[in-house]
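Tertiary structure, described
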Amino acid sequence: MRLGHLLKQMLLVCVCLFALTGQAIADSLSDAKRVYDAGDYAKAATLFRPLAEQGDASAQLELGVMYDNGEGVLQDDKEAVKWFRLAADQGNADAQFNLGMMYDRGEGVPQIYREAVKWYQLAAKQGNASAQFYLGVMYDNGQGVPQDYKKAVKWYQLAAKQGNVYAQFNLGMMYDNARGVPQDYKEAVKWFRLAAEQGDAKAQANLGAKYDKGQGVSQDYALAYMWANIASAKAPASELQQIVSYRDSIAKKMTAQQIAEVEELARKCTAKKFKEC
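Described in the following lines is the structure provided in the data block.

Further remarks concern the layout of surface pockets. Summary: where empty space remains is shown by rolling a probe the size of a single water molecule over the atoms. Empty space within the largest pocket amounts to approximately 320 Å³. For the largest pocket, the lining is made up of 13 residues, of which K202, A205, N206, Q242 and I243 are closest to its centre. Those elements that place two or more of their residues in the lining of the largest pocket are α9 (165–177), α11 (201–213) and α13 (237–251). In terms of residues, the lining of the largest pocket owes the most to one element, α11, which gives six residues.

Here's what the structure looks like:
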């Protein structure tokens with residue numbers, strides 16, 4: 001009886017010590033994140049490292065990110081891969097996605113699309129929207145997997161419904177061009193609009209094109225010009241000339257007064273962060 005009672009007490013002590021250790025790690029991790037958010041990367045790295053070495057997946061992920069970005073440590077893709085892999089092997093979805101990105105880009109490891117797909121899939125199945133988007137891209141382009149537009153659409157949809165702006169744009173393109181789904185301009189407009197409202201210049205330009213052509217929406221040159229004009233304000237340099245040329249082609253269908261009115265409308269739309277435009 002005494003032996004049994006002693007074993008119970010020892011077990012209780014072990015459980016309490018485990019709980020205290022777990023709480024201490026959580027507190028230390030929170031401290032490290034606060035230091036990181038404050039911009040003291042060198043100190044954050046010294047706080048994350050012992051936690052990562054103890055096997056904490058969140059700390060391993062954070063340390064991998066710091067090596068990836070060269071924050072508080074010398075930039076080192078191989079070290080980033082090392083820490084991402086340790087966290088990914090524990091099932092950390094963000095680390096799995098990041099490891100997939102390293103294989104996708106050939107950073108710290110050889111570029112192997114099959115490996116990228118493997119890690120994207122693991123993260124995507126856990127609901128990681130970025131992994132779902134990139135997995136869609138792999139199926140869309142046939143990288144690491146046979147090209148399959150239907151599977152690309154499936155993963156774009158999952159990411160788009162979580163608000164991933166790039167997936168929303170790509171899903172719009174799939175409906176626009178009948179890839180993996182029947183051509184449906186209304187659905188294309190729906191997804192272009194959602195991405196446009198998040199400030200994506202390509203989606204804004206494509207939404208303008210839909211108003212110009214009257215595809216999925218009633219033809220409206222004013223709204224076509226407005227969205228093209230908004231897109232031109234933040235389009236990447238590689239696409240700016242094309243968007244400006246398209247906007248100017250729409251302007252030829254409008255009067256000077258109409259253009260002035262629409263430019264004011266565009267300013268108001270931008271001020272509202274593209275909502276309800």
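Moving on to the state of the cysteines. Applying the stated criterion across every chain yields a total of one disulfide. Across the disulfide from C269 sits C277; the S-S distance is 1.9 Å. In this structure the cystine formed by C269 and C277 twists about its S-S bond by roughly 100°; its chirality is therefore right-handed. What makes C277 partly exposed here is its relative accessible area of 28%.

Before going further, it helps to examine the packing of helix α5 (residues 93–105) against helix α7 (residues 129–141). α7 packs onto α5 with a crossing angle of 30° between their chain directions and a minimal axis gap of 10 Å. In this view, α5 runs roughly parallel relative to α7, as classed from their interaxial angle. When the axes of α5 and α7 are compared, the crossing they make is left-handed. In this structure, α5 contributes F97, M101, D104 and R105 to the contact, and α7 contributes S130, A131, Y134 and M138.

Before going further, it helps to spend a moment on the packing of aromatic side chains. Overall, the coordinates contain eight aromatic pairs when judged by the stated rule. Ring geometry for Y36 versus Y41: centroids 5.0 Å apart, planes at 50°, classification tilted. The exposure class of Y41 is partly exposed, given its relative accessible area of 31%. Put simply, the rings of F97, Y120, F133, Y134, Y156 and Y166 touch in pairs and so form one group of aromatic residues.

The next subject is unusual backbone geometry. Even without being a glycine, A178 presents a positive backbone phi close to 55°. Examined against the element boundaries, A178 turns out to sit in the loop between α9 and α10 (185–196). The backbone phi angle of K273 is positive, close to 60°, even though this residue is not glycine. Checked against the element boundaries, K273 lands in the segment after α14 (256–271).

Basis of the calculations
Residues numbered from 1 in each chain as written. Predicted model: local features only at pLDDT ≥ 70, side-chain atom pairs only at ≥ 80, totals over all residues. Heavy atoms only, no water. 1 Å grid on protein atoms, 1.4 Å probe; cavity = no way out; pocket = protein on both sides within 12 Å on 5 of 7 lines; lining within 4 Å. Points joined across faces, edges and corners; volume = space filled by probe spheres on them. Helix = DSSP H or I, 4+ residues; strand = E, 2+ residues; numbered from the N terminus. Disulfide = S-S within 2.5 Å. Buried < 20%, exposed > 50% of the residue type's maximum accessible area, 1.4 Å probe, protein only. Axes fitted to C-alpha atoms, helices over the stretch in contact; angles between N-to-C directions. Parallel < 35°, antiparallel > 145°, perpendicular 65-115°, else oblique. Left-handed = near helix turned anticlockwise from the far one by under 90°. Contact = heavy atoms within 4.5 Å. Phe/Tyr/Trp six-rings, centres within 6.5 Å; stacked < 30°, edge-to-face > 60°.

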